[in-house]
Amino acid sequence: IEDPQTDVQEIVERLLAETSPQMPLPLESSLLVLQSLFITGTVLQQRLLGQLFAWITECRMQRFSPVYLSVVRQYCLFILVQADASTREVFLRMPYETQSFIANALQHTTAAWSPSASDEARRFRRDVLGAVAEELGAAEGASLGPAGKVDLHIGGSSWLLDGPEAFRRPFVDEL
């Protein structure tokens, strides 16, 4: 694949072309598309992103599980940290209802969702931290708010120490 972002954008464009305002994608499918965009690092064109967020915005926030909120938060934060100013400002060009929904999702007080760690994963993290703490000056990780958490800091680098539960990522049972 020479240009994966272009390929993903074309797939999403075809998918959205098969839908209409009267027959939108179901919430779960819309969030799965959003999560796929995040994983591939794809920023959709304004028109496509607006259409996708319009459907997500129609759902009430009460219908959103912590996993759903996490997907919306991750993609919104991904957009907001882009180097290109016009990409970062894409939400400002969306309708007020969509802007309000995004702001509420980012400010929502639910805890950041993360898959539960198995005993094996916790033991692995503890062993790694114990092995490198003194020698490399490692410190235990920090929370990244709605984006999740980092397991280990070594100097200027952050590490995610995944155990067997990593095989459930990026798609979880609830999506």
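Scroll up to find the structure.
Starting afresh in each chain, residues are numbered from 1 along the sequence in its written order. This being a predicted model, a pLDDT of at least 70 is required before a residue's local features are given, and a value of 80 or more before pairs of side-chain atoms are given or counted; all residues contribute to the totals for chains, interfaces and linings. To get the side-chain values, all heavy atoms of the structure are used, and hydrogens and water are removed first.

Chemist: Quick question: what am I supposed to make of the pattern of salt bridges here?
Modeler: Proximity of charged atoms lets side chains of opposite charge pair with each other. In what follows, salt bridge is the name for a side-chain nitrogen of Lys or Arg lying within 4 Å of a carboxyl oxygen of Asp or Glu. Scanning the entire structure with this criterion turns up one salt bridge. A salt bridge links Arg47 to Glu13, with the nearest nitrogen and oxygen atoms 3.0 Å apart. Of this pair, Arg47 sits in helix α3 (residues 46–58) while Glu13 is found in helix α1 (residues 4–17), placing the two residues 34 residues apart along the sequence. For the purposes of this entry, the term helix denotes a DSSP run of H or I that reaches at least four residues, the term strand denotes a run of E that reaches at least two, and both are numbered from the N terminus.

Chemist: How should helix α6 (residues 96–107) be read in this particular structure?
Modeler: Along an α-helix, a turn takes 3.6 residues, which lines up residues three or four apart on a common side. Multiply 1.5 Å by the residue count of a helix minus one, and that product is the helix's expected span. Taking 1.5 Å of rise per residue, twelve residues should cover 16 Å, and α6 covers 16 Å from first to last C-alpha, within 8% of that figure. Among the residues making up α6, those that are buried are Thr98, Phe101, Ile102 and Ala105. All buried residues of α6 fall inside an arc of 95 degrees around its axis, so they share one side. Turned more than 90 degrees off the buried face of α6, the exposed positions are Tyr96 and Gln107. Only heavy atoms matter for contacts: two residues are in contact if any of them lie within 4.5 Å across the pair. Summarising the contacts, the buried residues of α6 are in contact with α3 and α4 (66–80). Think of it in three bands: residues with accessible area under 20% of the maximum for their type are buried, residues over 50% are exposed, and the middle band is partly exposed, with areas taken using a 1.4 Å probe on protein chains only. The directions considered for the arc are those from the helix axis to the C-beta atoms.

Chemist: Mind showing me how you'd approach the nonpolar core here?
Modeler: One recurring pattern in soluble globular proteins: nonpolar side chains tend to sit buried together. Throughout, nonpolar core names a set of buried Ala, Val, Leu, Ile, Met, Phe, Trp, Tyr and Cys residues whose side chains join them through atoms within 4.5 Å. In this structure, Leu31, Leu34, Leu37, Phe53, Ile56, Phe64 and Val72 are the most contacted members of the largest nonpolar core, which totals 33 residues. Only α1, α2 (27–40), α3, α4 and α6 provide two or more residues apiece to this core. Examining the composition of this core, we find that eight residues originate from one element, α4, more than from any other. In contact with Phe64, other than residues within four places in its own chain, are Leu27, Leu31, Ile56, Cys59, Leu69, Val72 and Phe101.

Chemist: Can you walk me through the packing of aromatic side chains in this structure?
Modeler: Given two aromatic rings, one states the distance between the centres and the angle between the planes to describe the pair. Only the six-membered ring of Trp is used, alongside the rings of Phe and Tyr, when aromatic pairs are assigned; centres must lie within 6.5 Å, and planes under 30 degrees apart are stacked while those over 60 apart are edge-to-face, with the rest tilted. Taken as a whole, this structure holds five aromatic pairs when the rule is applied. Taking 5.7 Å as the distance between ring centres and 80 degrees as the angle between the ring planes, the aromatic pair formed by Phe53 and Phe91 counts as edge-to-face. Of the two residues, Phe53 sits in helix α3 while Phe91 sits in the loop between α5 (85–88) and α6, which places them 38 residues apart along the sequence. Across the pair, Phe91 and Phe53 agree in class, each one buried. Here Phe64 and Tyr68 contribute two aromatic rings whose centre-to-centre distance is 6.1 Å and whose plane-to-plane angle is 85 degrees, an arrangement assigned as edge-to-face. The structure contains a cluster of three or more aromatic residues connected by ring pairs, namely Phe38, Tyr75 and Phe78.

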